[in-house]
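A closer look at the structure
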Amino acid sequence: VILLPGCTLNVSAEPEIFIRFNQIGYLNDEPKTAVVLSNHNLSGKVINVLDFKSKKSVLKIPFNTNKGVYGAFQYSYIVDFSDLKENGDYQFEFSTQRTTAFKIGKNIYSGIADSLLTFFFVQRCGYTNPHLHKTCHISDATRLVDHSKNIFEQYDATGGWHDAGDYVKFLNTTAFSTYMLLFAYEFDPQKFGFDNNS
C-alpha cells in the first residue's frame with residue numbers, strides 16, 4: 001500500500017488529527033488502511049467513511065489501540081476499512097471535518113505507470129532532451145573534494161535524473177529509481193517490456 005499525504009483536519013474545538021491514506025485509491029478486494037496521527041487520545045471516538053456523492057456513512061470505524069508515538073505525535077492509529085469493497089468515491093469524516101475523495105475500483109491504477117514514466121522524462125538531466133525544462137547542469141563538478149584535498153579537474157556529472165522539482169541530484173535516489181525500473185521489468189517483463197524513452 002502506498003501511503004500518500006492525506007488531509008490535515010483541524011478545527012479549534014476538535015482534536016487535531018492528521019490522516020494518511022492512498023489518495024489514488026484502493027482495489028476492491030485488497031486490504032485498505034489509513035494512518036491517523038494526533039497529539040490527542042482518540043480512544044472511544046469514531047471515524048466515518050462516507051459515500052462522497054451522497055455524504056451518507058457507509059462504514060463507522062472506532063479508534064482502537066494506540067500504536068504509540070510516531071514522530072512528533074503521541075498517538076497513532078491504524079484505520080482498517082478493508083470490508084468496504086464496492087466501487088465508488090469515498091472520503092473520511094471525523095466530527096465535522098472531511099478529507100478529499102478517494103476511489104475504490106478495479107481500474108484505479110490505469111495510467112499511473114504512464115504518468116510516473118513521464119515524470120522521469122521531466123526529471124532528465126544534462127544533454128538528454130529533457131521535457132518541460134532546458135538542458136542543465138552542463139558545468140557541474142569543476143573540482144573534486146577528497147577530504148582536505150582539492151582536485152581541480154572538471155568532471156562530467158550530466159545525465160541521470162534530478163531528485164525532485166529543485167533539480168538537484170543524489171546518487172541514492174537515482175540508484176533506487178534505477179532499481180525500481182529494473183525490478184518492475186523483472187516482476188513482469190511483458191507488462192514493462194517497452195522503451196518509454198524516459
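For the structure itself, look to the data block above.
Keep in mind it's a predicted model, so treat the numbers as computed, not measured. (Residues numbered from 1 in each chain as written. Predicted model: local features only at pLDDT ≥ 70, side-chain atom pairs only at ≥ 80, totals over all residues. Heavy atoms only, no water.)

1. Quick look at the side chain of Ser76
The cut-off we apply is this: Labels follow the DSSP assignment, with helices taken as runs of H or I lasting at least four residues and strands as runs of E lasting at least two, numbered in each case from the N terminus. Residue burial is assigned from relative accessible area. The probe radius is 1.4 Å, only protein chains are included, and a residue is buried under 20% of its type maximum, exposed over 50%, and partly exposed in between. Under this definition, polar contacts are N or O atom pairs within 3.5 Å; protein pairs additionally need one hydrogen-donor-capable and one acceptor-capable atom, and for neighbouring residues in sequence, both atoms have to be side-chain atoms. Every residue pair with non-hydrogen atoms within 4.5 Å of one another is taken to be in contact.
Note that Ser76 resides in strand E7 (residues 75–80). You can call Ser76 buried: its relative accessible area is 8%. One polar contact links the side chain of Ser76 to the main-chain carbonyl oxygen of Gly68, over a distance of 2.8 Å. In contact with Ser76, other than residues within four places in its own chain, are Val36, Leu37, Thr65, Asn66, Lys67, Gly68 and Tyr70.

2. A look at the nonpolar core
Put simply, the rule reads: Buried residues of nine kinds, namely Ala, Val, Leu, Ile, Met, Phe, Trp, Tyr and Cys, make up a nonpolar core once their side-chain atoms join them within 4.5 Å.
Counting 20 residues, the largest nonpolar core has Val36, Ile47, Val79, Phe81, Phe92 and Phe102 as the members making the most contacts within it. Residue assignment for this core shows that the elements contributing at least two residues are strand E2 (17–20), strand E4 (33–38), strand E5 (46–51), E7, strand E8 (88–94) and strand E10 (102–104). In contact with Phe92, other than residues within four places in its own chain, are Ile19, Phe21, Ala34, Ile47, Asn48, Val49, Val79, Phe81, Gln97, Arg98, Thr99 and Phe102.

3. Observations concerning the packing of aromatic side chains
Applicable threshold: In this scheme Phe, Tyr and Trp rings, the latter by its six-membered ring, pair at centre separations within 6.5 Å, and the angle between planes marks the pair as stacked below 30 degrees, edge-to-face above 60, and tilted otherwise.
Within this structure, the stated rule accounts for 14 aromatic pairs. Centre to centre, the rings of Phe120 and Trp161 are 4.9 Å apart; their planes meet at 80 degrees, and the pair counts as edge-to-face. Here Trp161 lies in the loop between strand E12 (149–151) and helix H2 (171–187) and Phe120 lies in helix H1 (residues 112–122), a separation of 41 residues in the sequence. Both residues of the pair, Phe120 and Trp161, count as buried. Judged by centre distance (6.0 Å) and plane angle (25 degrees), the rings of Tyr179 and Phe183 are stacked. Residue Tyr179 and its partner Phe183 are located together in helix H2, separated by four residues, close to a single helical turn. Accessibility expressed as a relative area gives 48% for Tyr179, which makes it partly exposed. Given the relative accessible area of 35%, Phe183 is considered partly exposed.

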